[in-house]
Amino acid sequence: MNITFADTLPDDISLLTQVVDHGAIPGDLERTVSEGAAAARFRGGAGQVFESFVERDGKVVRLALAGAGKADAADRLGNLEKAGSALGAKYFASGVDTLVLDAGGSPIDAAGLGALLLGLRLRSWRYDEHRTTMKKDQKRSLVKVVVVGAPEGSDAALADAAAVADGVEFTRMLVTEPANKVYPVSFVEKAQAAFEGTGVELTILDDNDMEKLGMGALLGVGRGSERESRLLAMRWNGGDAGERPTVFVGKGVTFDTGGISMKPAAGMEDMKWDMGGSGAVTGAMLAMAKRKAKANVIGVVGLVENMPDGRAQLPGDVVTSMSGQTIEVINTDAEGRLVLCDALHWAQKEYDPVAIVDFATLTGAMIIALGSEHGGVFSNDDELAGKLLAAGKSVGDKLWRFPLTPEYDKLIDSPIADIKNVGPRGAGSITAAQFLQRFITDDRPWAHCDIAGMVWADKPGRTWGKGATGYGVRLIDRYVRDTLEN
Ligand code: BES
Ligand code: MN
Ligand code: ZN
């Protein structure tokens, strides 16, 4: 979407928009607007939109009022984001190609404008790449936004919002593309193209490299696939030289059939988005690089395809992880933790991070527990957990904390190896987290975010339609801003 600033209203306007606070509809509007809004029960609540047509200078203009909620609301920016999102939802495929925002006539500062434009752009995203017969009427039409009378500082606010939106959109694309388009090698290629010129340093490990490093757990998952596995590290050095980095790790199972412990057919297509954790980490790295975050941050994603085959690993197999710990693979469908344990171990050894946080669509049990309202967070460190919860709350990528205890940990002791990859039926998300914790060294602050219910939406949400949400990108970005950049 092309967003530009102007000093005066353009001559030819197809859609003029104005933000109004709750209960504060401007008195100088045409009666058709002020009385029409009242009749339609529009009061300026956050996310409400009222549309009318007015005659100005002899021309009929479509005018939309977007409600921003109460002027003194605690979450003012969140409300403005909702206002932008509501405009996006209503107009992105409405036939209107240019939206003119009368910022001068709206109660917003630069930060508020940034939030509104972020909501507008994120909600206007839809992936139509693979449609060739879509009717013209259904196609996306909105391509341009002209902001008139933008407040001081809007350039920076817009650039910041654009960096974040670029990251979220990149993640959504990765998550949306099916497994014949996004697989480990092509994921890396898409990342290489996206990071071109950003200053992010990429390190790519192929099967051979990982074999040499002893990543038997990650490689075991990829064994049944014709596709090669990859580990991709993305390093952004925007902070002080020599300052230890924070590392984000993502589960990147580009398709999860379950392997030999195969999943049932119904709904299996959803497992194209079993790389949502790696998508979030990659999109967040892109957002932070684009806005030149003043922090040392590294993203590490383990990319594999989980398939059944003559070469695939079998239930009961014992594999040796890079850490040296041996794992009894009870269920080949509990593959995410096998990928993550080697990625986590490698990342700690390679970078000695001050903190390490992983994102993964790890367990169906997480969806049973929290649905699609919160991701689950598990941590060995209260401060880290608190900061992640706060970051998530502030951007709307919500988290809820779950426990880790020695009693849960015991449930994954194996009779034949150091650890087994599944516990009993109960507490499936917790035992998965306990598994990961066994690969954290030196009491390092670590958190695991199980985002199985958050990556894909079956109904439109705050800043997304049905489909890929981009969950996690803004959470990571906000965490880095608030804890590393102050
Ligand atoms: N990728 C799945 C978890 C998942 C399921 C994510 C549904 C999103 C939607 C994961 O690899 C998996 O299969 N987990 C198993 C673990 C079980 C075998 C212990 C599960 O949750 O059933
Ligand atoms: Mn699985
Ligand atoms: Zn999986």
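Residues numbered from 1 in each chain as written. Chains lettered and ligands numbered in written order. Predicted model: local features only at pLDDT ≥ 70, side-chain atom pairs only at ≥ 80, totals over all residues. Heavy atoms only, no water.

This part covers the coordination of the manganese ion (ligand 2). Summarising the metal site, the manganese ion (ligand 2) is bound by the protein donors D256 (OD), D333 (O), D333 (OD) and E335 (OE), whose distances to it range over 2.0 to 2.2 Å. Here the manganese ion (ligand 2) is ringed by six donor atoms whose angles at the metal span 71 to 165°, and the overall shape comes out irregular. Along the chain, the residues donating to the manganese ion (ligand 2) fall in the pattern D-x76-D-x1-E. Separating the manganese ion (ligand 2) from the zinc ion (ligand 3) is a distance of 3.1 Å, and D256 supplies a donor atom to each of them. Taken together, the residues span a long stretch of sequence, with D256 in strand 9 (residues 246–256) and D333 in the loop between strand 12 (326–328) and helix 9 (336–351) at a distance of 77 residues. Its relative accessible area of 22% is what places D333 among the partly exposed residues. (Donors = N, O, S within 2.8 Å, 3.2 Å for Na, K, Ca; no water. Tetrahedral: all angles 85-135°; square planar, octahedral: opposite > 155°, others 65-115°. Helix = DSSP H or I, 4+ residues; strand = E, 2+ residues; numbered from the N terminus. Buried < 20%, exposed > 50% of the residue type's maximum accessible area, 1.4 Å probe, protein only.)

Around the zinc ion (ligand 3), the protein contributes the donor atoms K251 (NZ), D256 (OD), D274 (OD) and E335 (OE), at 2.0 to 2.4 Å from the metal centre. Viewed at the metal, the six donor atoms of the zinc ion (ligand 3) are separated by angles of 78 to 174°, and the geometry they form is octahedral. For the zinc ion (ligand 3), the donor residues sit on a single chain with the sequence spacing K-x4-D-x17-D-x60-E.

Domain parsing of the protein chain yields domain 1 (2–150) and domain 2 (166–484). Carbon and sulfur atoms supply 52% of the area that domain 1 and domain 2 bury against each other, a total of about 1,300 Å² over both sides. At the surface where domain 1 touches domain 2, the tally comes to four salt bridges. Where E81 meets R462, a salt bridge forms, and the shortest distance between an N and an O atom there is 2.9 Å. (Domains from an automatic or database assignment. Buried area = accessible area lost by both parts, 1.4 Å probe. Salt bridge = Lys/Arg side-chain N within 4 Å of Asp/Glu carboxyl O.)

Under the criterion given, the structure shown has seven aromatic pairs. Pairing F248 with Y479 gives two aromatic rings, centres 6.2 Å apart and planes at 85°, and the pair type is edge-to-face. Highlighted residues: F248 in strand 9 and Y479 in helix 14 (residues 473–484), separated in sequence by 231 residues. Like F248, the residue Y479 is buried in the burial classification. With a centroid separation of 5.4 Å and an interplanar angle of 35°, the aromatic rings of F435 and F439 are classed as tilted. Looking at F439, the relative accessible area reads 2%, which means it is buried. Over the ring of Y183 we find R227; its NZ or CZ atom is 3.9 Å from the centre of that ring. (Phe/Tyr/Trp six-rings, centres within 6.5 Å; stacked < 30°, edge-to-face > 60°. Lys NZ or Arg CZ within 6 Å of the ring centre and 35° of its normal.)

All right, on to the site of ligand 1 then. In the vicinity of ligand 1 lie 17 residues, with K263, D274, D333, E335 and G364 positioned nearest. Here an oxygen atom of ligand 1 sits 3.2 Å away from a polar atom, N or O, in the side chain of K251. A distance of 2.8 Å is found between an oxygen atom of ligand 1 and a side-chain nitrogen or oxygen belonging to E335. Isolated, ligand 1 exposes 510 Å² of accessible area, and the fraction of that covered by the protein chains is 77%. At the level of elements, strand 9 and helix 10 (364–370) are the ones that each hand at least two residues to the shell around ligand 1. (Near = heavy atom within 4 Å. Polar contact = N/O pair within 3.5 Å; in protein donor to acceptor, adjacent residues only side chain to side chain. Areas by Shrake-Rupley, 256 points an atom, 1.4 Å probe, with all protein chains shown as cover.)

Angle between the axes and distance between the axes are the two parameters that describe a pair of packed helices. One can describe the packing of helix 4 (residues 154–176) onto helix 8 (residues 276–290) by two numbers: an axis separation of 7 Å at closest approach and a directional angle of 155°. Considering the angle they form, helix 4 stands roughly antiparallel to helix 8. Considering the relative orientation of helix 4 and helix 8, their crossing is right-handed. Residue-level contacts link A163, V164, D166, G167, F170, T171, L174 and V175 of helix 4 to G276, G279, A280, T282, G283, L286, A287 and K290 of helix 8. The residue inventory of the contact of helix 4 with helix 8, partitioned by class, reads eight nonpolar, six polar and two charged. (Axes fitted to C-alpha atoms, helices over the stretch in contact; angles between N-to-C directions. Parallel < 35°, antiparallel > 145°, perpendicular 65-115°, else oblique. Left-handed = near helix turned anticlockwise from the far one by under 90°. Contact = heavy atoms within 4.5 Å. Nonpolar A, V, L, I, M, F, W, Y, C, P; charged D, E, K, R; others polar.)

Bringing helix 11 (residues 382–395) into the picture now. When the terminal C-alpha atoms of helix 11 are compared, their 20 Å separation across 14 residues agrees well with the 20 Å that a helix rising 1.5 Å per residue should span. Of all the positions in helix 11, only L384, A385, L388, A391, G392 and V395 are classed as buried. Down the axis of helix 11, the buried side of the element spans an arc of 130°, and every buried residue falls inside it. Every exposed residue of helix 11 that faces more than 90 degrees away from the buried side is listed here: D382, E383 and K393. Looking at the buried positions of helix 11, the neighbouring elements they touch are helix 2 (76–91), strand 13 (355–360), strand 14 (375–379), strand 15 (399–401), strand 17 (446–450) and helix 14. For helix 11, the capping residue at the N-terminal end is D381, with a side-chain oxygen 3.1 Å from the backbone nitrogen of E383. Among the residues trailing helix 11, G396 stands out with phi positive, at a value near 90°. (Expected span 1.5 Å × (residues − 1). Arc of directions from axis to C-beta.)

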